[in-house]
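Architecture and fold: a report
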Amino acid sequence: PLAAAESERFTVRLDKGRKGKLRTPIDPVTLEVGPAGVRADCVLGAWNWEHPAEEVRPGDRVRAVNGEARPQLILRALEGRGVLSIDFERPTLDAAGLQRL
């Protein structure tokens, strides 16, 4: 597990509406955004476009969705509709202890 000084946390609020798609590969085991990153043609891609300083990147890990931290319920919530409050964690150091950019 990462120590507090080795990661940063941030929250993304999205309204998927009735047809909004996340279309972002989230690993079902690690809950990390996959190496392909966030697609531009989805609600999370729109978030990244509107918030470039707070963009979601490959390797960011979902910690909770709408306050729910259990992995199975996180995955279910990400597939659902409506408003999502997604808490992410981003490592600031890599496995060797070097600063990530």
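Everything here concerns the structure above.
This section reports on the structure supplied with the text. Treat the numbers as computed from the prediction; the structure is a model and nothing was measured. (Residues numbered from 1 in each chain as written. Predicted model: local features only at pLDDT ≥ 70, side-chain atom pairs only at ≥ 80, totals over all residues. Heavy atoms only, no water.)

**Regarding helix α1 (residues 43-50)**
Quick reminder of the rule: The buried label applies to any residue whose accessible area, calculated with a 1.4 Å probe on protein chains only, is under 20% of its type's maximum; exposed applies above 50%, and partly exposed to all values in between. Helix and strand definitions follow DSSP, with helices as H or I runs of at least four residues and strands as E runs of at least two, each counted in order from the N terminus. Contact criterion: two residues are considered in contact whenever any of their non-hydrogen atoms come within 4.5 Å of each other.
What α1 keeps buried is the set Val 43, Leu 44, Gly 45, Trp 47 and Asn 48. Summarising the contacts, the buried residues of α1 are in contact with β1 (7-15).

**Some points on the layout of surface pockets**
This is how it is decided: Method remark: on a 1 Å grid restricted to protein atoms, a set of points is classed as a cavity if a 1.4 Å probe fits but cannot get out and as a pocket if it is open with protein on both sides within 12 Å along at least five of seven lines; lining residues have an atom within 4 Å of a point. Grid points are joined across faces, edges and corners, and a volume is the space filled by probe spheres set on the points.
Each pocket or cavity is described by its volume, and for the largest pocket that value is around 200 Å³. Residue lining of the largest pocket: 14 residues in total, with Lys 16, Lys 21, Leu 22, Leu 78 and Glu 79 positioned closest to the centre.

**A closer look at the packing of aromatic side chains**
In plain terms, the rule: Pairing of aromatic rings covers Phe, Tyr and Trp, the last counted by its six-membered ring, and requires centre-to-centre distances within 6.5 Å; plane angles under 30 degrees mean stacked, over 60 mean edge-to-face, and any other angle means tilted.
One pass over the full model with this rule turns up one aromatic pair. Both rings, one in Phe 10 and one in Phe 88, keep their centres 5.4 Å apart while their planes meet at 15 degrees; by these two values the pair is stacked. Of this pair, Phe 10 sits in strand β1 while Phe 88 is found in strand β3 (residues 83-91), placing the two residues 78 residues apart along the sequence. For the pair Phe 10 and Phe 88, one class covers both residues: buried.

Purely geometric numbers; function is a separate question.
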